[in-house]
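# Observations on chain architecture
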Amino acid sequence: MNLTPPAEYVRRSKAVTIPAMMDTSLRPTEYASRRARVLRALKRGVGIVFAGEGGSLHDRFRPDSSFVYLTGIRDEPGAAVLFDPTNPDPLRRCVLFLKPRNPEMEAWDGFRPPIDAALRKATGFTRIFRTLALPGFLTDALRRSKQACCLHKFAVYDAPASPDLAVFRRVAERVPGVGIVDMSNLLPSLRAVKSSAEQLLIRKAIDATHEGHRSLLAILRPGVNERDLHRALETGWNRKGASGPAYNPIVGGGVNSTVLHYHANDQELHDGDILCVDAAATLGGYAADITRTYPVSGKFSREQRRIYNIVLEAQLAAIQAVRPGAYLHQVDAAARAVIEKAGFGDAYIHGIGHHLGLDVHDATPDGPLRPGNVVTIEPGIYLQNEKIGVRIEDDILVTPSGRRNLSAAIPKAADEVEALIRSLRR
Ligand code: GLY
Ligand code: MN
Ligand code: MN
């Protein structure tokens, strides 16, 4: 039997796939230093991070973001990184595993690279194996180390166990003396402190988002459909290099402004409506998350402006509460105090915000805020009977002395918003 793949398959797979598989917005050295930090933190313990499975014509593969954080690899379902700090061969202490190649699958899903010097260079891994070898490597690592460290987020009790815990349990049944410990805070705590290169990508995602909101405002008027505004957003941010939306855009007018995760985006807007736009771009793998609330007519009614200003005051109070050492629940309390004092406590029905990064709701570490964290601040008031939903959301970098609003350039004072609509409306 001839097992040699056709020459054309070999040629194409060598030529086309590494850039598609890797996120090239950060340098391979940044990924390597992240892996080195994990290896140090594990001490003698073994860790494994899986990319996850899936991907089809109907559902795009969404890799585990911690796997992307450690490798930059976005398009290799089934892949894994093994951390084996006690391996006597220093080159095998951090190893990448990729699924075996399958020419028939690749004809449907895209060509994949061979394991060769080009792949090792692009990924920064000096040792890459196929996942067929993973059970043997993991068993050997745990026989030496006797300590399995859970790095993945734990599943809730009515979902399947997290993938590393599931395989560790199976190895522990076969290798005496293996203990399993919780190190699930390690990756969230590393991911939460953004490097300067990551901060730059988040800023670029915010700049692109700003352009999206400006193109939306250029066509905002009574009679326009939310669908057209949604399209204008995407055209605007794509013009500035975005690779797509960071989450399903929320473009809700009238009563839909009060629906927190509204996604139909297909209704006509009416004079006098308020429009809540929670929509942002992703760029270089990093998300922005921005909400602005606009008057459809270009001018807030008296009641809309009153509610708007309460939310804005709450948001400014919360932003002032962001600093190293603060907990998000304390930041939330600063906003909630303003909204409750104004009599709308029951209409602020969600939390103040979340970490932002590779995911729009990024990994959340234990403990208080630290310099380098980026969090959203997004209080809101939702009054269904009045058809008024107001949320204002900015992206805030925690600095050693306090905070910096990365999205400060996107206007939000009521007068500024009205002036902006006047100036942009075509
Ligand atoms: N865009 C979703 C959120 O603000 O959390
Ligand atoms: Mn948010
Ligand atoms: Mn948002």
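Here we summarise the structure given alongside this text.

So, how was this worked out
Residues numbered from 1 in each chain as written. Chains lettered and ligands numbered in written order. Predicted model: local features only at pLDDT ≥ 70, side-chain atom pairs only at ≥ 80, totals over all residues. Heavy atoms only, no water. Core = buried A, V, L, I, M, F, W, Y, C linked by side-chain atoms within 4.5 Å. Buried < 20%, exposed > 50% of the residue type's maximum accessible area, 1.4 Å probe, protein only. Helix = DSSP H or I, 4+ residues; strand = E, 2+ residues; numbered from the N terminus. Axes fitted to C-alpha atoms, helices over the stretch in contact; angles between N-to-C directions. Parallel < 35°, antiparallel > 145°, perpendicular 65-115°, else oblique. Contact = heavy atoms within 4.5 Å. Nonpolar A, V, L, I, M, F, W, Y, C, P; charged D, E, K, R; others polar. Donors = N, O, S within 2.8 Å, 3.2 Å for Na, K, Ca; no water. Tetrahedral: all angles 85-135°; square planar, octahedral: opposite > 155°, others 65-115°. Pairing = 2+ DSSP bridges. Phe/Tyr/Trp six-rings, centres within 6.5 Å; stacked < 30°, edge-to-face > 60°. Lys NZ or Arg CZ within 6 Å of the ring centre and 35° of its normal. Expected span 1.5 Å × (residues − 1).

On to the nonpolar core. Where a protein is soluble and globular, its nonpolar side chains tend to be buried together. Ranked by size, the top nonpolar core spans 104 residues in total, and within it Phe-83 and Leu-275 carry the most contacts. Counting residues per element, this core draws most heavily on helix α11 (residues 302-321), at 9 residues. Counting residues in hydrophobic clusters, the runner-up holds 20 residues, among them Ala-141, Leu-142, Val-171 and Val-178.

What follows concerns the packing of α11 against helix α13 (residues 414-424). Helices that pack against each other are described as a pair by the angle of their axes relative to one another and the distance between those axes. Across the interface, α11 lies against α13 with an axial gap of 10 Å and an inter-helix angle of 120 degrees. It follows that α11 is oblique to α13 by the angle criterion. Each of Arg-305, Tyr-308 and Asn-309 in α11 lies in contact with α13, whose residues at this interface are Ala-414, Asp-415, Val-417 and Glu-418. Looking at the contact of α11 with α13, its residues break down into 3 nonpolar, 1 polar and 3 charged.

The next subject is the coordination of the manganese ion (ligand 2). Taken together, the protein ligands of the manganese ion (ligand 2) are Asp-289 (OD), His-354 (NE2), Glu-378 (OE) and Glu-393 (OE), with distances of 2.0 to 2.1 Å. Coordination at the manganese ion (ligand 2) is irregular, judged from the 6 donor atoms that bind it and the angles of 51 to 156 degrees they form at the metal. Spacing between the donor residues of the manganese ion (ligand 2) along the chain follows D-x64-H-x23-E-x14-E. Between the manganese ion (ligand 2) and the manganese ion (ligand 3), the interatomic distance is 3.3 Å, and Asp-289 donates to each metal, bridging them. Here the residue Glu-378 occupies a position in the loop between β13 (374-377) and β14 (380-383), and Glu-393 occupies one in the loop between β15 (388-391) and β16 (394-399), the gap between them amounting to 15 residues. With respect to class, Glu-378 is no different from Glu-393; both count as buried.

Here we take up the pairing of strand β1 (residues 46-50). Across the 5 residues that make up β1, a large majority, 5, are buried. The alternating pattern of β1 places Val-46, Ile-48 and Phe-50 and Gly-47 and Val-49 on opposite faces, both of which are buried. Bridge count between β1 and strand β5 (residues 147-150): 2 bridges; the pairing is parallel. Directly across from Val-46, in β5, lies its bridge partner Ala-148. In this structure, β1 lies alongside strand β2 (residues 80-83), joined through 4 bridges in antiparallel fashion. Bridging across to β2, Phe-50 finds its partner in Ala-80.

This brings us to the packing of aromatic side chains. Summed over all chains, the structure comprises 4 aromatic pairs. Ring centres 5.2 Å apart and planes at 80 degrees place the aromatic pair Phe-97 and Phe-137 in the edge-to-face group. With Phe-97 in strand β3 (residues 94-98) and Phe-137 in helix α6 (residues 134-145), this pair connects stretches of sequence that are 40 residues apart. Comparing Phe-97 with Phe-137 shows no difference in burial state: the two are buried. Put simply, the rings of Phe-97, Phe-129 and Phe-137 touch in pairs and so form one group of aromatic residues. Positioned above the aromatic ring of Phe-125 is the side chain of Arg-35, whose terminal nitrogen or guanidinium carbon lies 3.8 Å from the ring centre. Looking at Arg-336, its charged tip hangs above the ring of Tyr-348, at a distance of 3.9 Å from the centre.

Before going further, it helps to examine α11. In a regular helix each residue adds 1.5 Å, so 20 residues correspond to 28 Å; α11 covers 29 Å between its end C-alpha atoms and thus fits that length. Among all positions of α11, only Gln-304, Ile-307, Tyr-308, Ile-310, Val-311, Leu-312, Ala-314, Gln-315, Ala-318, Ile-319 and Ala-321 are buried.

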